[in-house]
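The lines below spell out each chain.
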Amino acid sequence: MKKYTILVLISGTMVLGSCSYKHAYQPIAFSQLDTTANYETLTQRYGREEERASAPEEKQRILYLDVNEGVGIPNVANVRELGGIITQEQRVIQSGHFYRSGHLGKLKKKNFKKLDQYGITQVIDLRTDREIKKHPDQLPTTVQYYNEQAFEDSEDMFSKAKKEVIKGRVTVEESNKAVEDFYGVYVLDNPQKIRAIVLRMLDQDQATLFHCSAGKDRTGMIGAILLSILKVDRETIMEEYLLSNNERLQEVSSRMKLAKFGKVLFPKINYEVIENFTWIKPNYLEAMFTAIETKYGSMDVYIREGLSITDQQRQQYIEKYTTILE
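Worth saying up front: this structure is predicted, and the values here are computed from it rather than measured.

Draft legend 1. Region of interest: the overall build of the chain. Along the backbone of the chain there are 16 helices and 7 strands. Out of the 326 residues belonging to the chain, those deemed buried represent 54%. Once local pairs closer than 6 in sequence are excluded, the contacts in the chain between residues at least 24 apart make up 76%. Of the roughly 15000 Å² that the chain leaves accessible, carbon and sulfur atoms contribute 49%.

Draft legend 2. Expanded view of the packing of helix H14 (residues 282-296) against helix H15 (residues 299-306). Contact geometry of H14 with H15 gives a least axis separation of 8 Å together with a crossing angle of 70 degrees. In terms of orientation, H14 and H15 fall into the roughly perpendicular class. Between H14 and H15 lies a crossing of left-handed hand. Touching Met288, Phe289, Ile292, Glu293 and Tyr296 of H14 are Met299, Val301, Tyr302, Glu305 and Gly306, all from H15. Here the residues of the contact of H14 with H15 sort into 7 nonpolar, 1 polar and 2 charged.

Draft legend 3. Structural detail: a nonpolar patch on the surface. Where nonpolar side chains cluster on the molecular surface, the patch consists of Val264, Leu265 and Phe266 and spans about 330 Å² of accessible area. Assignment of secondary structure puts Val264 in helix H12 (residues 249-265). Taking relative accessible area as the criterion, Val264 reaches 66% and is therefore assigned exposed.

Draft legend 4. Representation of the nonpolar core within the structure. In terms of nonpolar packing, the biggest core is built from 60 residues, with Tyr183, Tyr186, Met288 and Tyr302 touching the most fellow members. Grouped together as the second largest cluster of nonpolar side chains are 15 residues, Val76, Tyr118, Ile120 and Val143 included.

Draft legend 5. Molecular detail of the packing of aromatic side chains. Counted under the stated rule, the structure contains 7 aromatic pairs. Considering the side-chain rings of Phe98 and Tyr321, the 4.8 Å spacing of their centres and the 50 degrees angle between planes classify their relative orientation as tilted. In this pair, Phe98 sits in strand S3 (residues 98-101) while Tyr321 sits in helix H16 (residues 311-321), placing the two residues 223 residues apart along the sequence. Neither residue differs from the other here; Phe98 and Tyr321 are each classed as buried. A centroid spacing of 5.3 Å and a plane angle of 70 degrees characterise the contact between Tyr296 and Tyr302, whose relative ring orientation is edge-to-face.

Draft legend 6. Structural context of the pairing of strand S5 (residues 144-147). Summarising the sheet, strand S4 (residues 120-125) and S5 pair through 4 bridges and their orientation is parallel. For Asp125, the partnering residue across the bridge sits in S5 and is Asn147. As for the winding sense of the linkage, the β-α-β connection from S4 through helix H6 (residues 129-134) to S5 is right-handed.

Rules used throughout
- Residues numbered from 1 in each chain as written.
- Predicted model: local features only at pLDDT ≥ 70, side-chain atom pairs only at ≥ 80, totals over all residues.
- Heavy atoms only, no water.
- Helix = DSSP H or I, 4+ residues; strand = E, 2+ residues; numbered from the N terminus.
- Buried < 20%, exposed > 50% of the residue type's maximum accessible area, 1.4 Å probe, protein only.
- Contact = heavy atoms within 4.5 Å.
- Areas by Shrake-Rupley, 256 points an atom, 1.4 Å probe, with all protein chains shown as cover.
- Axes fitted to C-alpha atoms, helices over the stretch in contact; angles between N-to-C directions.
- Parallel < 35°, antiparallel > 145°, perpendicular 65-115°, else oblique.
- Left-handed = near helix turned anticlockwise from the far one by under 90°.
- Nonpolar A, V, L, I, M, F, W, Y, C, P; charged D, E, K, R; others polar.
- Patch = residues over 30% accessible without salt bridge, like charges linked within 9 Å, V, L, I, M, F, W, Y side chains within 5 Å.
- Salt bridge = Lys/Arg side-chain N within 4 Å of Asp/Glu carboxyl O.
- Core = buried A, V, L, I, M, F, W, Y, C linked by side-chain atoms within 4.5 Å.
- Phe/Tyr/Trp six-rings, centres within 6.5 Å; stacked < 30°, edge-to-face > 60°.
- Pairing = 2+ DSSP bridges.
- Right-handed = clockwise from strand over helix to strand, strands pointing away.

Following this line, the structure appears as structure tokens:
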């Protein structure tokens, strides 16, 4: 594992916990998955426009919008579920099984009932020990907690990386490549750990919530792999991934003010470097897919050989968690 790559990436979670900026210096993509216009596009792409045109109005919309309408947990950022997404086999992922979010360190006891409302019986925390120590999840005793680290911060790289960014020693190009490299390292360094994470969700009958710190990078990768196992097409996976940009607009805007103060104290801070850690970008997730395909040839082979999920097991998961689109 490239230590510098991870060092630079982890700096994002440290620095961006307290700063950001207002205007994008590089193109930032936002998801259209939760817009009516995109549903019309998806409908046409799957060749069901005539059937939907004659269906009742409430059935003309792809289910994802309806499933996620109103989904949220107070004091928890970037919350949504994966139900309602259409797969390549014209099946729909069932609602109420897979939830994703940022950390649960600020979850209040009075809102524990939200987890029960969604049927969440287990939480998978993808963060490192250092992150968890800073914001430990607040959970009711009825929810089973698991910490699954595909990357371990064993060398205190958080603190080291923060200093590198603050001192302006990381270029825009280095930061962008560092994130891309990390996306490849995360899914390839220990595939059996990735397997353990996804199977903990797939082998569970009740709902699971999985998260990292902001719910965008590690959570985004695990979500993409989970959707790939269920045979969701790459374009839809990307749209779901990019929803984290849509969900974090207010958070990024509020942190921008702190970035201005930070610039006064640390004049060498590069806003473009911070940008590469603040938002998620299509090239990040594409880097994950490229790394997988470079080593295994395809995502299907990665699932079969890297994650040791047989075609029969995969089909059983598909039948368990999806239903035929009607």
